[in-house]
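# Coordinates in review
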Amino acid sequence: MKKLSARRRHPLAAVVVLLLALAATGGLYAAFAPASKAQADETAQSLAIEEGKKLFAVGCASCHGTGGQGTSDGPSLVGVGAAAVDFQVGTGRMPAATSQGAQAPRKRVQYSQAEIDQLAAFVASLGAGPAVPTKEQYGAEGADIAKGGELFRTNCAQCHNFTGKGGALTRGKFAPTLEGVDPKHIYEAMQTGPQNMPSFPDTTMSEQNKKDIIAYLHAVDSSETENPGGLELGGLGPVSEGLFAWIFGLGALIAVAVWVAARTAKAKKS
């Protein structure tokens, strides 16, 4: 006992005890801090789902059902994922207008981005589906514009026109213009296939290919870049160019022919 008491009175005893206490504290923090962070994230997600459920009950349930199961006025939302909600609500297509036409057009957004995120969290909780993409997925960094143009002309130009100006479809439906559309929403549209558009999941079109297409659309967007070729005639392709040639080109030739004929007749009379 005397030896143990002497060791306790040793000048280094306090330092050793302090080091042991610090090591124990650090070990406990390392063991429990990640769990606390995960628990905080889970709590925040649960709160977002709960708030989204309230917003859904007010603005969406009348058409899609209280549990998103769908009704005669709206399709089921089970399994559509957060990306579909972010696109439809983020572009103003949803909530739909009272007098619904052939398809929901883009209009003024009714919800804030925070509310859209909450709605998306609730719908995502109903069933697995595409998540909202990150900026790294749809950003221009590392994109191949030439490859994007090739992919767009092969897969999208039939409806959206080769420069993304949009076009008419059957039964009053249409492919909307892609000018000025947020790159995130373009990515989400390719991922989820809204309304008449086919979907292009990663198994069909890779994430890099989607990024290339978005970069191409940004390059040909007349609201973002100037056309080095001059007047683009609306960018509507051979139809507008052919119409311009017939009306103005052929019209000018007819006018010249009439003028020459009149001058010739006048010269003969003289």
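Described in the following lines is the structure provided in the data block. Quick caveat, the model's predicted, so the values are computed rather than measured. (Residues numbered from 1 in each chain as written. Predicted model: local features only at pLDDT ≥ 70, side-chain atom pairs only at ≥ 80, totals over all residues. Heavy atoms only, no water.)

What follows is about a nonpolar patch on the surface. There is a patch of nonpolar side chains on the surface, built from L243, F244, W246, I247, F248, L250, L253, I254 and V258 and spanning about 970 Å² of accessible area. Residue position: W246 is located in helix α11 (residues 238-269). (Patch = residues over 30% accessible without salt bridge, like charges linked within 9 Å, V, L, I, M, F, W, Y side chains within 5 Å. Areas by Shrake-Rupley, 256 points an atom, 1.4 Å probe, with all protein chains shown as cover. Salt bridge = Lys/Arg side-chain N within 4 Å of Asp/Glu carboxyl O. Helix = DSSP H or I, 4+ residues; strand = E, 2+ residues; numbered from the N terminus.)

Our focus in this paragraph is the pattern of salt bridges. Here the structure, examined in full by the defined rule, presents 4 salt bridges. Its salt-bridge partner being E51, residue K54 comes within 3.5 Å of it at the nearest N-O pair. Of this pair, K54 and E51 both sit in helix α2 (residues 13-59), 3 residues apart, which is roughly one turn of that helix. Judged by its relative accessible area of 48%, K54 falls in the partly exposed class. Of the charged contacts in the structure, one is a salt bridge between K165 and E179, with a shortest N-O distance of 2.5 Å. Remark: E179 occurs in the loop between β2 (174-175) and α9 (183-192) and K165 occurs in the loop between α8 (157-160) and β1 (167-168); sequence separation between them is 14 residues. (Buried < 20%, exposed > 50% of the residue type's maximum accessible area, 1.4 Å probe, protein only.)

The buried count for α9 comes to 8 of 10 residues, which makes it a mostly enclosed element. For α9, the elements touching its buried residues are α4 (81-90), α5 (113-126), α6 (135-138) and α10 (207-220). Where α9 begins, the capping side chain belongs to D182, and its oxygen is found 2.8 Å from the backbone nitrogen of K184. G193 sits one or two positions beyond α9 and adopts a positive phi of about 65°. (Contact = heavy atoms within 4.5 Å. Polar contact = N/O pair within 3.5 Å; in protein donor to acceptor, adjacent residues only side chain to side chain.)

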